[in-house]
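Here is what each chain is made of, one letter per residue.
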Amino acid sequence: MFIKQISVFLENHPGALREMTELLGKGGVDLLALSVADTQNFGIIRIIVESAQIDPAVQLLRDNGYIAKVNHVICAEVPDRPLGLSELLAMIEKANLSVEYMYSFQRASSQGEAALILRLNNGDKAAKLFQMNNVKTLSQEQVDAL
Amino acid sequence: MSQSERRIFNPAMECIDREQLRKLQGERLVETVKREYENVPMYRARMDAAGIKPEDIRGLDDLKYLPFTEKTDLRDYYPFGLLASPKKDIIRIQGSSGTTGKPIVSGYTRNDIAVWSEMMARTLTAAGATCEDVVQVTYGLGLFTGGFGAYQGADKLGAMVIPMSSGNTQRQITMMKDLGTTILCCTPSYATYLGETIREMGIDPGKDLKLKAGCFGAEPWTEEMRVRIEQLLEIDACDIYGLTEIAGPGVAFECLEKHGMHINEDHVIAEIINPATGEQLPYGMPGELVFTTITKTGQPMLRYRTHDICTLTDDKCACGRTLARMGRITGRTDDMLVIRGVNVFPSQIESVLVGADGVAPHYMLIVDRVNSSDTLEVQVEMTEDMFGDTVSHIENVRKYITGQIKSVVGIASKVTLVAPKSIPRSEGKAKRVIDKRKL
Ligand SMILES: [Zn+2]
């Protein structure tokens, strides 16, 4: 259910995102999913890579002066049809949880499903909720196999 | 920490009875005033204008009648107009570039160099140095007094001096390792930078280096910065104070009690004044620090206004020295920023940052005027501890810092988080303020 995500701090200046993705690209890091949280002052880049590439990618970033951290997020599958996502969000809302952020994979998941990265305000409660409601989630191994 | 020995270089003077000291200071002041009146036209004119004759100054209590000296006087009478000795007796010139216009210089006689060396030898001894030590001088060796001051003091002690001068961090570290440096002399910001670099290189100061103490000065720093330097380098970090106009580094120095800097009062008289009115303030009250030299012969100074804000105390120090102590410089009368009518000292903001967990002590203040209202931006470097994967986490950190600054300084600011190491580490006086209102 939980998979590892790398978050990177970016100063808000032109070219910052390109410089970082170029660095990772040249280092042979393949980005499976990426999201940009942009504020007036700074940006947070969140990326998912294959598990074998997590440590080398973090090292590469730190060696180049970036602040990078690894944390856990939920990887869930929702039916790839109208209202597929809103049903999931309604369930979260009903449980009095909220979504901190959410983004999707570049590649398609299994047939008829869309894979999402989710960070809710309470990870443990989210895990229980998803289990109880039989929401399909992906493990780190399943993500690696995508 | 503190594996350093507690010795006193000149116990007769450093532990002198304070009544006796006052008498000695008075006698030396009388001589200095006479010398100034007879040899320096500026002082003669000012004393005449104030209706004071040298014989009116009979002791320490009469100090308050004497005119002040300002940095501008050293510019106006540049280069030799304030010499109180014939030029042939001057054996050294030291100076400072000054941020605007003409530099200022000070001429030293052989006596003055000896006095300065003595002050600096006391300084190094107070930090635990002896003739057994290896002293790495990382202050610039040049017109700036830092390098020569530390060199001369260590030389007088009989320590082994490595005159590295400033810059070239990799070479500094190599020499430090190879020669077994035990005492480091540099600016506190450079000490922090050296410590960070040493840690990044995987060097363990406890095992790979022999450092035991450092004398750090030439810029104001904080207690929190001391803690950081002591942790990074595993040393005792002692504060020192000095200025070219009076001598150079060593005018005042910290002992291993690290509780204020002992002033070399047998060579200088320290006063605290109200910067607005010029009146003397009692010990314990914060105000502008003023020095009078009483043993200098080349370019003595009467009541030189440092524009540094601090307090003085003559409370007994556990080290045994009776010399009065000055607290940390908490601001500058002329660096003081007036933002929306509020007096702001950059050191206040620094104390907030270093006091907050996981926040780096490096900062830049950007003051501007937008729609005829002053704005203050505080740039702070992002650190691993402050960072999180959600915007709300980082915004909370930002709000916390903003709130702390507001509570200490009293005005609202905009805190901007910038990339790690993006704020320049200065090897000299750190430039931490950009005031766009003056551009
Ligand atoms: Zn002491």
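Criteria and cut-off values
Residues numbered from 1 in each chain as written. Chains lettered and ligands numbered in written order. Predicted model: local features only at pLDDT ≥ 70, side-chain atom pairs only at ≥ 80, totals over all residues. Heavy atoms only, no water. Contact = heavy atoms within 4.5 Å. Buried area = accessible area lost by both parts, 1.4 Å probe. Salt bridge = Lys/Arg side-chain N within 4 Å of Asp/Glu carboxyl O. Polar contact = N/O pair within 3.5 Å; in protein donor to acceptor, adjacent residues only side chain to side chain. Helix = DSSP H or I, 4+ residues; strand = E, 2+ residues; numbered from the N terminus. Buried < 20%, exposed > 50% of the residue type's maximum accessible area, 1.4 Å probe, protein only. Axes fitted to C-alpha atoms, helices over the stretch in contact; angles between N-to-C directions. Parallel < 35°, antiparallel > 145°, perpendicular 65-115°, else oblique. Nonpolar A, V, L, I, M, F, W, Y, C, P; charged D, E, K, R; others polar. 1 Å grid on protein atoms, 1.4 Å probe; cavity = no way out; pocket = protein on both sides within 12 Å on 5 of 7 lines; lining within 4 Å. Points joined across faces, edges and corners; volume = space filled by probe spheres on them. Pairing = 2+ DSSP bridges.

J.: Looking at this structure, how should I read the interface of chain A and chain B?
T.: Frequently, the measure chosen for interface size is the accessible area removed from exposure when the parts meet. Listed per partner, the contact involves 20 residues of chain A and 20 residues of chain B. Carbon and sulfur atoms make up 61% of the surface buried where chain A meets chain B, a total of about 1,600 Å² over both sides. Per-residue buried area on chain A facing chain B is highest for A:Phe9, A:Asn41 and A:Ile67; these three make up 36% of the total on that side. Across the chain A-chain B interface, the total number found is two salt bridges. For A:Arg62, the salt bridge goes to B:Glu384, with nearest N and O atoms at 2.7 Å. At the junction of chain A with chain B, the criterion picks out nine residue pairs in polar contact (both at pLDDT 80 or more).

J.: Whenever I open this one, the side chain of B:Thr295 confuses me. Can you help?
T.: All names here are of chain B. Mapped onto the secondary structure, Thr295 falls in the loop between β12 (287-293) and β13 (304-310). Using a relative accessible area of 16% as the deciding quantity, one classes Thr295 as buried. Among the polar contacts made by the side chain of Thr295, one reaches the side chain of His267 at a distance of 2.9 Å. With residues up to four places along the chain from it excluded, the contact list for Thr295 reads Arg28, Asn111, Asp112, Val115, Asp266 and His267.

J.: Would you take a moment to explain the packing of helix α2 (residues 18-39) of chain B against helix α3 (residues 41-49) of chain B for this structure?
T.: Any two packed helices are characterised by the angle at which their axes cross and by the distance between the axes. All names here are of chain B. It is at 5 Å that the axes of α2 and α3 come closest, and there the two elements cross at 105 degrees. Relative to α3, the element α2 is oriented roughly perpendicular. Here Val33, Glu36, Tyr37, Glu38 and Asn39 of α2 come into contact with α3, specifically with Pro41, Tyr43, Arg44, Met47 and Asp48. When its residues are assigned to classes, the contact of α2 with α3 shows five nonpolar, one polar and four charged.

J.: Explain empty space enclosed by the protein here, please?
T.: Here the idea is plain: a probe the size of a water molecule rolls over the atoms and shows the empty space left. Residues and elements named next belong to chain B. The tally for this structure, following the rule as stated, stands at two cavities of 30 Å³ or more. The computed volume of the largest cavity comes to approximately 70 Å³. As for the largest cavity, its lining consists of 13 residues, of which Val115, Met119, Ile246, Ala247 and Lys296 are closest to the centre. When residues in the lining of the largest cavity are grouped by element, the largest group, four residues, is from helix α5 (residues 110-126).

J.: Could you clarify how one ought to interpret the sheet that holds strand β3 (residues 134-137) of chain B in this entry?
T.: Within a beta sheet, neighbouring strands are joined by backbone hydrogen bonds and run either parallel or antiparallel to one another. All names here are of chain B. Read from one edge to the other, the open sheet built from nine strands follows the order β4-β3-β5-β6-β7-β8-β9-β15-β14, with strand pairing classed as mixed. Only two strands of the sheet have a single neighbouring strand rather than two, namely β4 (160-163) and β14 (312-313). The sheet contacts of helix α6 (residues 145-157) involve β3, β4, β5 (183-186) and β8 (249-254), and relative to β3 the element is tilted by about 170 degrees. Lying on the sheet, helix α7 (residues 169-179) is in contact with β3, β4 and β5; it crosses β3 at an angle near 175 degrees.

J.: In this structure, what is going on with unusual backbone geometry? I would like to understand it.
T.: It is generally the case that most residues other than glycine have a negative phi and that most peptide bonds are trans. Residue and element names in this part refer to chain B. For the peptide bond that leads from Tyr78 to Pro79, omega is -5 degrees, which places it in the cis range. By secondary structure assignment, the location of Pro79 is in the loop between α4 (71-76) and β1 (90-96). We note that Ala218 has phi near 75 degrees; this positive angle belongs to a residue other than glycine. When you line up the elements, Ala218 lands in the loop between β6 (213-216) and α10 (223-233). Judged by its relative accessible area of 28%, Ala218 falls in the partly exposed class. The phi dihedral of His307 is positive, around 65 degrees, even though this residue is not glycine. Following the sequence through the fold, His307 ends up in strand β13.

So yeah, pure geometry; function would need other evidence.
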